[in-house]
Amino acid sequence: MTVQAMIPRMTEICGPAGVVADPAELRTYECDGLTSHRAMPGLVVLPETAEQVAAVVTECARAGVPFVARGSGTGLSGGALPRTDGVLIVTSRMRRIIAIDPVSQRAIVEPGVTNLAVSNAARPYGYFYAPDPSSQVICSVGGNVAENSGGAHCLKHGFTVHHVTGLQIVTPAGELTWLGDGTGAAPGYDLVGAFTGSEGTLGIVTKIVVRLTRIPQAITTLLAAFETTGAGGAAVSAIIGAGILPAAIEMMDALAIEAAEAAVHCNYPAGAGAVLVVELDGPEADVRRDGAAVRALCQEAGCTEIRAADDPAERAAIWAGRKSAFAAVGRISQAYLVQDGVVPRTALGEVLDKIAALAQASGIRVANVFHAGDGNLHPLVLYNDATPGEEAAAEEVSGAILDLCIEHGGSITGEHGVGTDKSRYMPRMFTPEDLDTMQLLRCAFDPAGLCNPGKIFPTPRLCGEVPGPRRGVHPLVASGQAEQF
Amino acid sequence: MTPVTVPGALARACRAVRPAGPRDTVADVMPEWVAAPASLAEASALLAAATEHGLAVVPRGSGTAVGWGAPPTRCDLLIDTLRLDQVVEHEAGDLVARVQAGVTMAGLAGVLRSAGQQLALDVPPGNGSRGVSPTVGGVLATGAAGPRRLRYGTPRDLVIGITVVRADGTVAKSGGKVVKNVAGYDLGKLYTGSYGTLGLITEAVFRLHPLPAASVFVTAGYAGPDAAARAVAAAGGSDLAPTAIEIDRPGRDGLISVAVLLEGDPDGVAERAAGLRGVLGAGTAVADRPPPWWARLDTADRTVIRIAFWAAALPGVLAAVDSAGRAAGLDPAVGGSAAAGVLHAGLGRDAAPGAVADFLAGLRDGLAGLEPGSAGGAGPPARASAIVLTAPGPVRDRVDLWGPVPALSLMRAVKDQFDPGHLMAPGRLTGGI
């Protein structure tokens with residue numbers, strides 16, 4: 001069955017306002033936050049209830065039509081890249097906060113609820129929702145579950161997977177079921193943990209039970225300037241080595257500072273080669289003691305200036321520069337690639353030096369903005385798309401940075417996901433046996449391979465087949481259910 | 001070609017193979033052979049040989065929890081992981097340790113302590129085998145955790161990478177040695193709490209935490225469940241950053257003790273302890289040592305039932321325990337991580353199997369009837385569970401150890417994919433998995 005032939009039935013399920021088939025309107029959905037990958041969806045549906053999602057997926061399963069889920073579309077790895085021959089299921093109309101249970105420290109929300117809305121709803125009770133991706137104003141909790149989103153504060157507070165205790169999902173066969181019971185200790189396999197971060201390939205989330213975190217007694221934010229990123233990195237190591245676990249440790253290099261300064265006038269210390277933003281939260285005495293220790297350690301590491309912010313307005317001023325960094329880079333470069341790689345914290349200095357060498361050798365500028373506390377690098381690779389060959393050169397530098405991450409025992413993605421963008425890098429990090437074993441999980445949930453096909457894995461596994469040398473075109477590719485890169 | 005005998009095939013795969021003895025039983029099931037691989041290569045060869053010969057396999061670490069879960073429907077080969085005993089990597093600056101499955105929690109703690117670090121999991125003292133520390137592989141396979149789960153989570157929250165051998169000998173890993181990593185599916189979560197049914201865990205990478213500068217325990221006693229539940233909720237809802245909130249009630253009519261662990265800056269901990277005395281009310285005591293019942297899980301020859309629930313339901317859960325206990329003529333001891341929504345109910349060997357079965361059925365009915373609370377009917381249909389962690393044989397034979405489980409058909413599908421021959425710890429997990 002073609003996607004167009006499904007329109008009447010989809011309209012029955014989602015109502016006329018819940019189906020988008022007009023080509024001009026479909027264009028809105030042709031990419032997520034990674035705009036370099038685009039595909040016009042065959043059809044877009046906007047269900048309002050879990051039952052509608054189940055009915056939509058049931059139809060797709062019956063017709064053998066692939067489907068892709070999308071939340072707010074802020075993902076940075078093309079995880080929500082639509083299929084031209086498939087249905088895009090958008091959860092943005094499912095945005096009820098169903099319940100807040102402060103004593104149990106839980107909330108139940110629909111997948112289209114924005115990340116920040118959960119914290120806003122919990123705040124009157126003294127709680128917040130800890131994972132805080134920088135897109136938290138618009139990104140959806142359903143998308144966060146798919147990507148196992150982190151954020152600046154996951155150094156101390158953990159990722160989405162640490163804050164989700166129950167999921168209502170629609171399986172790729174169209175069945176509505178609960179994984180976990182909200183307790184965080186449900187009997188049997190931890191399917192909540194396995195599902196979180198599966199990038200939309202195991203089913204579609206329709207309700208989420210999240211853990212709420214008590215708002216800490218005190219928060220303080222320090223801004224320290226250094227002459228070099230190496231000196232800043234030494235301060236990071238010293239802080240961790242002293243047994244201090246800040247809520248966040250962020251670093252920006254000179255080029256990133258320059259961009260942020262141009263964009264938001266964040267008034268970071270002039271001429272700094274690197275700035276560190278260190279945020280501490282917790283009981284007042286601990287924050288006071290750790291704050292003093294962090295100051296001393298930064299000074300020992302040669303910081304040229306240090307500022308502290310204890311009230312929300314001052315804190316916001318410090319964070320403004322960091323949070324604007326990605327967008328700000330647009331002011332100093334027409335085009336840029338955002339990379340997302342991870343290295344062990346102890347390898348930071350060495351890897352930054354190697355990135356600088358790569359930049360110098362290629363003539364491509366790289367601005368570094370990163371979650372230094374957990375070694376999560378976000379190099380911004382700048383290029384001029386009007387200059388022939390420069391985009392390709394930038395791609396090469398960006399890929400070489402990932403190789404550096406792998407060489408140093410790190411990861412090809414810390415928080416943006418594999419999606420469409422990085423599936424080709426997976427074999428550099430994992431063996432064929434590793435990838436084959438992961439796909440057993442896929443086969444358990446989605447034997448037909450219809451649920452967000454073509455993402456994460458470079459070579460789809462036909463469920464039931466024995467791994468080994470492959471001859472000819474993969475059957476999933478031949479049938480158009482999967483793509484190879 | 002001479003047919004290869006099973007012992008011959010096992011010996012070829014692994015240097016340490018022996019016939020099983022009476023100490024090797026798994027929930028009263030006697031295996032035929034025991035093999036102790038000393039390397040990943042040996043473990044892989046061993047499982048490949050086992051599959052080749054259709055042998056059912058059960059992994060065992062220190063054996064402190066080998067009796068947990070349902071008895072295996074078959075057990076031909078016991079794989080002893082104690083020779084996989086290397087702390088492969090501890091990079092203190094990264095707060096990460098890579099550890100083979102047979103390393104004991106005590107051994108690992110010793111290595112980490114010298115760097116001022118810890119794997120922040122409580123492990124109950126040995127199961128009647130005093131002084132025996134569980135292995136990290138066993139802790140992962142059972143998903144066991146103690147009081148500090150409130151702050152640090154459970155094994156699934158601290159494992160960041162895992163290496164496993166599938167039933168057919170395939171070696172696979174997921175995750176890695178960096179804390180922040182979303183490349184590929186997170187099989188560490190899937191294997192944690194899988195009771196050996198998906199394969200053999202051979203190595204894991206853990207996120208570590210710094211050891212706290214100071215710890216104090218603030219304890220108070222309450223006459224009834226409602227007063228105790230109010231104290232637990234007040235401590236949990238305070239901004240005093242408790243690391244753990246535990247309760248202990250030796251019997252239905254006894255006092256309920258509530259104890260709160262505070263960790264951090266020494267002066268700050270003292271300050272917060274003073275604040276907590278105000279929250280917990282008159283008669284609170286502050287000590288730098290835990291009360292004797294802290295983190296204790298006495299499983300020797302006892303029936304231990306783990307109850308998980310939404311923390312707000314604590315009064316209802318205690319009422320369900322009491323009402324089921326009265327009806328069955330039993331008076332279980334109850335204790336555990338009240339604020340995290342996990343309690344254990346324990347019954348001695350003198351409890352008649354029929355009465356234990358009645359108690360369990362009554363308890364499950366009571367839990368199913370708990371008020372849904374502020375979520376109304378929109379949340380998960382079941383909001384609490386009672387599973388039997390371990391029980392003497394006669395009790396085990398009378399009860400459904402696992403009870404109802406959400407998404408059982410998906411779990412079966414996972415099992416069928418990872419272990420199509422159902423050779424890995426068959427029958428140990430819920431639903432015959």
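Residues numbered from 1 in each chain as written. Chains lettered and ligands numbered in written order. Predicted model: local features only at pLDDT ≥ 70, side-chain atom pairs only at ≥ 80, totals over all residues.

Our next topic: the overall build of chain A. Assigned secondary structure in chain A consists of 16 helices and 19 strands. Whereas a compact globule of 485 residues would reach a radius of gyration of roughly 23 Å, chain A reaches 23 Å, a difference of no more than 12%. For chain A, the spread of C-alpha atoms along the three principal axes comes to 65 × 55 × 45 Å. Residue burial in chain A is summarised as follows: out of 485 residues, 61% are buried. Sequence separation of at least 24 residues holds for 71% of the intrachain contacts in chain A that already meet a minimum separation of 6. (Helix = DSSP H or I, 4+ residues; strand = E, 2+ residues; numbered from the N terminus. Rg over C-alpha atoms; globule rule 2.2 N^0.38 Å. Buried ≥ 20, exposed ≤ 12 C-beta atoms within 10 Å, placed from the backbone. Contact = placed C-beta atoms within 7 Å.)

Moving on to the overall build of chain B. Along the backbone of chain B there are 13 helices and 19 strands. Over its C-alpha atoms chain B spans a radius of gyration of 22 Å, differing by no more than 12% from the 22 Å that the globule rule assigns to 433 residues. Its C-alpha atoms give chain B principal-axis dimensions of roughly 80 × 55 × 45 Å. Going through the 433 residues of chain B one by one, you find that 58% of them count as buried. Counting contacts in chain B only where the partners sit at least 6 residues apart, residues at least 24 apart contribute 71% of the total.

Below, the discussion takes up the sheet that holds strand β1 (residues 19-20) of chain A. Residues and elements named next belong to chain A. Pairing in this open sheet of 4 strands is mixed, and the strands run β1-β2-β4-β3 from one edge to the other. Either end of the sheet is taken by a strand with one partner, and the two such strands are β1 and β3 (67-70). Sheet topology places β3 next to strand β4 (residues 87-90); 4 bridges connect them, and they run parallel. Residue Val68 lies in a different strand from β4, and its bridge partner there is Leu88. Running over the sheet, helix α3 (residues 50-63) touches β2 (43-45), β3 and β4 and is turned about 170 degrees from β4. (Pairing = 2+ DSSP bridges. Axes fitted to C-alpha atoms, helices over the stretch in contact; angles between N-to-C directions.)

Our focus in this paragraph is the nonpolar core. A general tendency of soluble globular proteins is for nonpolar side chains to be buried together. Within the largest apolar cluster, 305 residues are counted, with the highest numbers of intra-cluster contacts made by Val56(A), Ala224(A), Ala235(A), Val275(A), Leu276(A), Val232(B) and Val317(B). Not counting residues within four places of it along the chain, the set of residues in contact with Ala224(A) comprises Ala235(A), Val275(A), Leu276(A), Val278(A), Cys298(A), Cys303(A) and Ile306(A). (Core = buried A, V, L, I, M, F, W, Y, C linked by C-beta atoms within 7 Å.)

What follows deals with the domain arrangement of chain B. All names here are of chain B. Examined at the domain level, chain B breaks down into domain 1 (6-82 + 414-432), domain 2 (87-210), domain 3 (214-287) and domain 4 (303-371 + 380-401). Listed by partner, the interface residues are 15 residues for domain 3 and 15 residues for domain 4. Where the side of domain 3 that touches domain 4 is concerned, the elements lending two or more residues are α8 (225-237) and β13 (244-249). Here the side of domain 3 that touches domain 4 is built from residues that sort into 8 nonpolar, 2 polar and 5 charged. (Domains from an automatic or database assignment. Nonpolar A, V, L, I, M, F, W, Y, C, P; charged D, E, K, R; others polar.)

Residue and element names in this part refer to chain A. Splitting chain A by domain gives domain 1 (4-90), domain 2 (97-214), domain 3 (217-321) and domain 4 (333-417). Distance from the C-alpha centre of domain 1 to the C-alpha centre of domain 2: 22 Å. Contacts between the two partners involve 15 residues from domain 1, matched on the other side by 21 residues from domain 2. The leading source of residues in the side of domain 1 that touches domain 2 is α3, at 7 residues. Here the residues of the side of domain 1 that touches domain 2 are counted per class, giving 8 nonpolar, 6 polar and 1 charged.

Further remarks concern the packing of helix α1 (residues 6-13) of chain B against helix α2 (residues 40-52) of chain B. Any two packed helices are characterised by the angle at which their axes cross and by the distance between the axes. Residue and element names in this part refer to chain B. Contact geometry for α1 and α2: axes closest at 8 Å, N-to-C directions at 160 degrees. Regarding the angle of α1 to α2, the classification is roughly antiparallel. Note on packing geometry: the crossing formed by α1 with α2 is right-handed. Of the residues in α2, those in contact with Ala9, Leu10 and Ala13 of α1 are Glu42, Ala45, Leu46, Ala49 and Glu52. For the contact of α1 with α2, the per-class residue count stands at 6 nonpolar, no polar and 2 charged. (Parallel < 35°, antiparallel > 145°, perpendicular 65-115°, else oblique. Left-handed = near helix turned anticlockwise from the far one by under 90°.)

As a packed pair, helix α15 (residues 432-445) of chain A and helix α13 (residues 408-418) of chain B sit with axes 8 Å apart at the nearest point and diverge in direction by 140 degrees. Of the possible angle classes, the one that applies to α15(A) and α13(B) is oblique. Between α15(A) and α13(B) lies a crossing whose hand is right-handed. Here Leu440(A), Leu441(A), Cys443(A), Ala444(A) and Phe445(A) of α15(A) lie close against α13(B), whose contacting residues are Leu410(B), Ala413(B), Val414(B), Gln417(B) and Phe418(B). Per-class residue counts for the contact of α15(A) with α13(B) are 9 nonpolar, 1 polar and no charged.

This paragraph deals with the sheet that holds strand β1 (residues 17-19) of chain B. Residue and element names in this part refer to chain B. Strand order in the open sheet made by the 4 strands is β1-β2-β4-β3, with mixed pairing throughout. Edge positions in the sheet fall to β1 and β3 (57-60), since each has one partner strand and no second. Adjacent strand axes in the sheet meet at a mean angle of 25 degrees, parallel and antiparallel pairs treated alike. With 3 bridges joining them, β1 and strand β2 (residues 33-35) adopt antiparallel strand pairing. Within β2, the position partnered with Pro19 by the bridge is Trp33.

Turning to α13(B), a few remarks are in order. Think of an α-helix as 3.6 residues a turn; residues three or four steps apart then line up on the same face. Of the positions making up α13(B), those classed as buried are Leu410(B), Met411(B), Val414(B), Lys415(B), Gln417(B) and Phe418(B). With its buried residues spanning 165 degrees around the axis, α13(B) presents them on a single face. At its buried positions, α13(B) is contacted by α7 (191-195) and α15 of chain A. (Arc of directions from axis to C-beta.)

This brings us to the pairing of strand β17 (residues 333-337) of chain B. Along any regular strand, the residues point their side chains to alternate faces of the sheet. Residues and elements named next belong to chain B. The buried fraction of β17 amounts to 4 of the 5 residues, a majority that puts the element mostly inside the structure. With 3 bridges connecting them, β13 and β17 associate as antiparallel partners. Residue pairing for β17: Asp248 is matched across the bridge by Gly335. Two elements, β17 and strand β18 (residues 342-347), share 5 bridges in a ladder whose sense is antiparallel. When the bridges of β18 are listed, Gly335 appears paired with His344. Connecting β17 to the antiparallel partner β18 that follows it, the hairpin turn spans 4 residues, and Gly341 within it adopts a positive phi of roughly 80 degrees.

The next thing to look at is the interface of chain A and chain B. For interface size, the figure often reported is the accessible area lost on association. The partner chain B presents 78 residues to the 81 residues of chain A that form the contact. Broken down by secondary-structure element, the contributors of at least two residues to the side of chain A that touches chain B are β5 (97-101), β6 (106-109), β9 (176-179), α7, α8 (229-241), α10 (284-300), α14 (426-429) and α15 of chain A. Per-element tally for the side of chain A that touches chain B: the top contributor is α15(A), with 9 residues. Tallied by class, residues from the side of chain A that touches chain B come to 36 nonpolar, 31 polar and 14 charged.

Residue and element names in this part refer to chain B. Mapped onto the elements, Asp80 comes out in strand β4 (residues 77-80). Residue Asp80 is classed as partly exposed on the basis of its C-beta count, with 19 C-beta atoms lying within 10 Å. Excluding residues that lie within four positions of it along the chain, Asp80 makes contacts with Val34, Ala35, Ala36 and Arg60.

Right, let's get into unusual backbone geometry. One can expect most non-glycine residues to show negative phi and most peptide bonds to be in trans. Residue and element names in this part refer to chain B. The backbone of Ala27 sits at a positive phi, close to 45 degrees, despite the residue not being glycine. Within the secondary structure, Ala27 is located in the loop between β1 and β2. For Ala27, a count of 20 C-beta atoms within 10 Å translates into the label buried. Located in the positive-phi region is Asp301, a residue other than glycine, with phi close to 60 degrees. Tracing the chain through its elements places Asp301 in the loop between β15 (285-287) and β16 (303-309). For Asp301, a count of 14 C-beta atoms within 10 Å puts it in the partly exposed group.

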